[in-house]
Amino acid sequence: MTQEQYTAGRKSGFHMRESRVLRKVRAGGVARVLKLNTNDAKIAEIFAMAQPDAIWLCSEHCSGSFETMEHQIRAAKIHDVDAFVRVSRGSYSDYIRPLEMDAAGLIVPHVMNLDDAANVRDMTKFAPLGRRPVDGGNNDAMYTRVEFEEYLKTANSERCVLYQMEDPEVMDDLEQIAEMDGVDGLFFGPGDMSVALGIPGQLDNPEIARMRETMAKTARKHNKIAATVSNPETVASYAGMGYNFLNIGADVLAVTQYADKMLAAFDDI
């Protein structure tokens, strides 16, 4: 869409939705996040009704389409809950389509080094921070109703991109990535990091613990979001470490544990 077409379709008084996660962390709080592996908008809405700050959707490992993802994002927004999408590492369209569906943020997996991070930044931020392509005719800009220049500015300031660090080699560039303009946060991925280090699943291993702490300190030093996964036993200590975006729980865990618990009632029959 050209700027002339965009401006012709614009109606005044409409603004992009502000990010609940950014509102929370800017106030000094910790964003609470629930993860979905399923593709059902009803599950997204059930989670959103619990009032986390965000739900985490995934196109890296999960099978949903862009259409099902759009319904999940909309279900969350009904209850003023953000949707963050972990993207596929493909073309730039894999990054910007979730943003244009009005996801409040992206999680970009396996950022490997400084050059990789700069490329992600360029695809996900509008100029002057990056080189993201412009459309403006989709959900995020209210189908051209948001004024064009306001759209560009707000998309940079109210949409968040978290760079997932889950490979040992990225640690060499961690400081430079964290200080880069347009990088909103660092997301420590302990699972893949443990596999890459040859200690699969040892999430409390001293080396993983050292990296986890380094990630939080580096992110917060540069006024960036520090994100990671947690559980009820670790959430308080990770928040104390400096993490201010914490995933806790997932739909598939809840459903499988519920199913096992219900069927256990038959064990003594």
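So, a few notes on the structure that sits alongside this text. Small disclaimer: the values here were computed from a predicted structure and weren't measured.

## What about a nonpolar patch on the surface?
A cluster of nonpolar side chains, contributed by Leu263, Phe266 and Ile269, occupies part of the molecular surface with about 410 Å² of accessible area. For phenylalanine 266, a relative accessible area of 55% corresponds to the exposed category.

## Observations regarding the pairing of strand β1 (residues 31-35)
Taking burial as the measure, the 5 residues of β1 include 4 buried ones, the bulk of the element. Relative to strand β2 (residues 54-58), β1 is paired through 3 bridges, and the arrangement is parallel. Bridge pairing links valine 33 to alanine 54 in β2. This β-α-β element, β1 to helix α3 (residues 41-49) to β2, shows right-handed connectivity.

## Quick notes on the packing of α3 against helix α4 (residues 66-77)
Two elements in contact, α3 and α4, have axes separated by 8 Å at closest approach and are oriented at 25°. With respect to α4, the axis of α3 lies roughly parallel. Here the hand of the crossing between α3 and α4 comes out right-handed. Seen from α3, the contacting residues are Ala41, Ala44, Glu45 and Ala48; seen from α4, they are His71, Gln72, Ala75 and Ala76. By residue class, the composition of the contact of α3 with α4 is 5 nonpolar, 2 polar and 1 charged.

Parameters at a glance
- Each chain has its residues counted from 1, following the order in which its sequence is written.
- Reporting in this predicted model follows two pLDDT cut-offs: at least 70 for local features of residues, and 80 or more for side-chain atom pairs to be given and counted; totals over whole chains, interfaces and linings ignore these cut-offs and use all residues.
- Only heavy atoms go into the side-chain values, all of them from the structure, while hydrogens and water stay out.
- By definition, no residue in a patch forms a salt bridge, and every one has over 30% relative accessible area; like charges are joined within 9 Å, nonpolar side chains (Val, Leu, Ile, Met, Phe, Trp, Tyr) within 5 Å.
- Surface accessibility follows the Shrake-Rupley procedure with a 1.4 Å probe radius. Residue values consider only the protein chains on display as shielding.
- Salt bridges, as used here, are contacts in which a Lys or Arg side-chain nitrogen is within 4 Å of a carboxyl oxygen on Asp or Glu.
- Each residue is placed in one exposure class: buried if its accessible area under a 1.4 Å probe, protein chains only, is under 20% of its type's maximum, exposed if it is over 50%, and partly exposed if it falls in between.
- Helix and strand definitions follow DSSP, with helices as H or I runs of at least four residues and strands as E runs of at least two, each counted in order from the N terminus.
- Being paired, for any two strands, means DSSP has found at least two bridges between them.
- Classification remark: right-handed applies to a crossover when, strands pointing away from the viewer, the course from the first strand over the helix to the second runs clockwise.
- Whenever a helix is involved, its axis is fitted only over the stretch in contact; in every case the axis is a line through C-alpha atoms, and angles between N-to-C directions fall within 0 to 180 degrees.
- Note on angle classes: values under 35 degrees are labelled roughly parallel, values over 145 roughly antiparallel, values of 65 to 115 roughly perpendicular, and the remainder oblique.
- It is the rotation of the near helix from the far one that decides the hand of a crossing: anticlockwise by less than a right angle makes it left-handed, clockwise makes it right-handed.
- Here, two residues are considered to be in contact whenever any of their heavy atoms come within 4.5 Å of each other.
- Just so you know the grouping, Ala, Val, Leu, Ile, Met, Phe, Trp, Tyr, Cys and Pro go in nonpolar, Asp, Glu, Lys and Arg go in charged, and all remaining residues, Gly too, go in polar.

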